[in-house]
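# Observations on the three-dimensional arrangement
Here's the letter readout for the chains.
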Amino acid sequence: MSHPNTPARRPRRFRTPSERGAATAEYAVTIVAACGLGGILVSLLKSDVMLNALKALINYALKLAGVEGLEL
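The notes below deal with the structure included here. (Residues numbered from 1 in each chain as written. Predicted model: local features only at pLDDT ≥ 70, side-chain atom pairs only at ≥ 80, totals over all residues. Heavy atoms only, no water.)

### Observations concerning the overall build of the protein
- When helices and strands are counted, the protein shows two helices and zero strands.
- In the protein, which comprises 72 residues, the proportion classed as buried is 1%. (Helix = DSSP H or I, 4+ residues; strand = E, 2+ residues; numbered from the N terminus. Buried < 20%, exposed > 50% of the residue type's maximum accessible area, 1.4 Å probe, protein only.)

Shown next, in the form of structure tokens:
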């Protein structure tokens, strides 16, 4: 059994008061970047070229799996 005052049990304390909101800001930047990337992917997948490429890839995979007669 470990002693209650071991470093693993102590709450994390920031070294300086200026670091207090650093983790929240990093999460916010990550969320904004993920939303931007998601928007780019949605706009790419809505294009006819990408839609046809995706359908061709799925049809190729179905043919490799032995599923014949199904065409997207």
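### Focus on a nonpolar patch on the surface
- On the surface, L37, I40, L41, L44, L45, M50, L54, L57 and I58 cluster together into a nonpolar patch covering about 800 Å² of accessible area.
- If you list the elements that add at least two residues to the nonpolar patch, you get α1 (22–45) and α2 (48–65).
- It is α1 that contributes the most residues to the nonpolar patch, five residues altogether.
- With respect to the helices and strands, L41 occurs in helix α1.
- Judged by its relative accessible area of 45%, L41 is partly exposed. (Patch = residues over 30% accessible without salt bridge, like charges linked within 9 Å, V, L, I, M, F, W, Y side chains within 5 Å. Areas by Shrake-Rupley, 256 points an atom, 1.4 Å probe, with all protein chains shown as cover. Salt bridge = Lys/Arg side-chain N within 4 Å of Asp/Glu carboxyl O.)

### What to know about α2
- Look at α2: 26 Å from first C-alpha to last across 18 residues, which is about the 26 Å you get at 1.5 Å a residue.
- Once α2 finishes, G66 follows within two positions and takes phi at roughly 95 degrees, a positive value. (Expected span 1.5 Å × (residues − 1).)

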